[in-house]
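For reference, the chains in residue letters:
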Amino acid sequence: MIDVVQNQLFEDIPFVENSVYEQIIQDIGLNKFSIIDSFFSPEMVCQLRQSLLNKYEEDRFKKAAIGNRVNEVIVKAIRGDQILWIDEALPNVTEHLFFDQINDLVSYLNTTCFMGILHKEFHYALYHKGTFYKRHIDTFQNDDRRKLSFVCYLNTEDWKPENGGELLLYLNENGIETEKIIYPFPGRIVIFESQIIEHEVKLVETERLSITGWLKTR
């Protein structure tokens, strides 16, 4: 759980409170997940969507795998998305703006909550009709560095719930498992604790686009 620190770390450094970031901190502190619909501007979402589609058309995506990069195995019965890792050292203009905002969030979390986030990794993800991702957790037996999972949906403005591909979080409320359904509306981001919350992507009926990533402690 995030331990919220209200006092600024250094009195000689001006601290400007960010209401969106504070909402994320409050949500994760209470529920271990947060849903925000205003993290990126509509223009930014559109640009990221086009960046994803351009790179997909260049045949740069690959089938996603199970496990970390050291031990990857493609299992179609578990997940069916195609992905492309985003290199922060070689971003296009839109990706540069994306990482600027992510880095600003990371700095805020580290300053206010002592999160100790040192690294991050992100990839584009495309689910075709008929694909899904079975229930899983975002950490590995030999790698527990992932602290927070992050998803930003890049679907078109006409996205409807019947298009499928909703994210399902499995939560523990006083010892009772409950399910939280999150629809992938364009511009919506979801952040949750990687080591605690199991989740899945339900069957996709219409092409589903997103950026997925993790904020890591070491």
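On a predicted model such as this, the values are computed, not experimentally measured, just so you know.

Q: Account for the packing of helix H2 (residues 42–57) against helix H3 (residues 93–113), with residues named and values stated.
A: Closest axis-to-axis distance for the H2/H3 pair is 9 Å, and the angle between their directions is 130°. Here H2 lies oblique to H3, going by the angle between them. Note that H2 runs across H3; the crossing there is left-handed. Contacts from Met44, Gln47, Leu48, Ser51 and Lys55 in H2 reach Thr94, Glu95, Leu97 and Phe98 in H3. Looking at the contact of H2 with H3 residue by residue, the classes come out as 4 nonpolar, 3 polar and 2 charged.

Q: Give a detailed account of helix H1 (residues 19–31), specifying residues and quantitative values.
A: When the terminal C-alpha atoms of H1 are compared, their 18 Å separation across 13 residues agrees well with the 18 Å that a helix rising 1.5 Å per residue should span. For H1, the set of buried residues is Tyr21, Glu22, Ile24, Ile25, Asp27, Ile28 and Gly29. For H1, the secondary structure elements touched by its buried residues are strand S1 (33–36), H3, strand S6 (146–153) and strand S9 (189–193). The opening residue of H1, the one whose side-chain oxygen lies 3.0 Å from the backbone nitrogen of Val20, is Asn18. In the stretch just after H1, Lys32 is the one whose phi turns positive, near 75°.

Q: Now, about the pairing of S6: what can you tell me, with residues and values included?
A: Among the 8 residues of S6, 7 are classified as buried, and the element is accordingly described as predominantly covered. Alignment of S6 against strand S11 (residues 208–216), held across 7 bridges, turns out to be antiparallel. The residue of S11 that forms the bridge with Tyr153 is Ser210. Sheet topology places S6 next to S9; 5 bridges connect them, and they run antiparallel. Across the sheet, residue Val151 finds its bridge partner in S9, namely Val190.

Q: Give me the pairing of S11: which residues, what numbers.
A: S11 sits mainly inside the fold: 9 of its 9 residues count as buried. The alternating pattern of S11 places Arg208, Ser210, Thr212, Trp214 and Lys216 and Leu209, Ile211, Gly213 and Leu215 on opposite faces, both of which are buried. Pairing geometry for strand S4 (residues 119–127) and S11, over 9 bridges, is antiparallel. Within S11, the position partnered with His123 by the bridge is Thr212.

Q: Give a description of the environment of Tyr21 that names residues and reports values.
A: On the secondary structure map, Tyr21 appears in helix H1. Taking the C-alpha atoms as reference, Tyr21 lies 6.8 Å from Leu105; in sequence the two are 84 residues apart. The residues touching Tyr21, leaving out its near neighbours within four places in the chain, are Phe39, Gln101, Asp104, Leu105 and Tyr108.

Q: Residues and numbers for the sheet that holds strand S10 (residues 198–201), please.
A: Strand order in the open sheet made by the 4 strands is S5-S10-S7-S8, with antiparallel pairing throughout. The open sheet terminates on both sides in strands that have one partner only, identified here as strand S5 (133–136) and strand S8 (176–182). Along the sheet, successive strands turn relative to each other by an average axial angle of 20°, direction set aside. One ladder, built from 7 bridges, connects strand S7 (residues 167–173) with S8; its direction is antiparallel.

What counts and what doesn't
- Position numbers for residues start from 1 in each chain and track the written sequence from start to end.
- Local features are withheld for residues below a pLDDT of 70 in this predicted model, meaning they are given only at 70 or higher, and side-chain atom pairs are given and counted only at 80 or more; totals for whole chains, interfaces and linings count all residues.
- To obtain the side-chain values, all non-hydrogen atoms of the structure were used and water was disregarded.
- Between the N-to-C directions of two axes lies an angle of 0 to 180 degrees, each axis being a line fitted to C-alpha atoms and, for a helix, fitted only over the stretch in contact.
- Here a strand is any run of E in DSSP of at least two residues, a helix any run of H or I of at least four, and the numbering for each starts at the N terminus.
- Here the angle decides the label: under 35 degrees means roughly parallel, over 145 means roughly antiparallel, 65 to 115 means roughly perpendicular, and every other value means oblique.
- By convention the crossing between two helices is left-handed if the near helix lies anticlockwise of the far one by an angle smaller than a right angle, and right-handed if it lies clockwise.
- Any pair of residues with heavy atoms lying within 4.5 Å of one another is described as a contacting pair.
- Residue type decides the class: Asp, Glu, Lys and Arg count as charged, Ala, Val, Leu, Ile, Met, Phe, Trp, Tyr, Cys and Pro as nonpolar, and the leftover types, Gly among them, as polar.
- Working rule for helices: expected span equals 1.5 Å times residues minus one.
- Accessibility here uses a 1.4 Å probe with only protein chains present; expressed as a share of the type maximum, an area under 20% marks a residue as buried, one over 50% as exposed, and anything in between as partly exposed.
- Two N or O atoms count as a polar contact when they lie within 3.5 Å, although within protein this holds only if one can serve as hydrogen donor and the other as acceptor, and sequence-adjacent residues are included solely when both atoms are side-chain atoms.
- Each pair of strands is called paired provided DSSP finds at least two bridges between the two strands.

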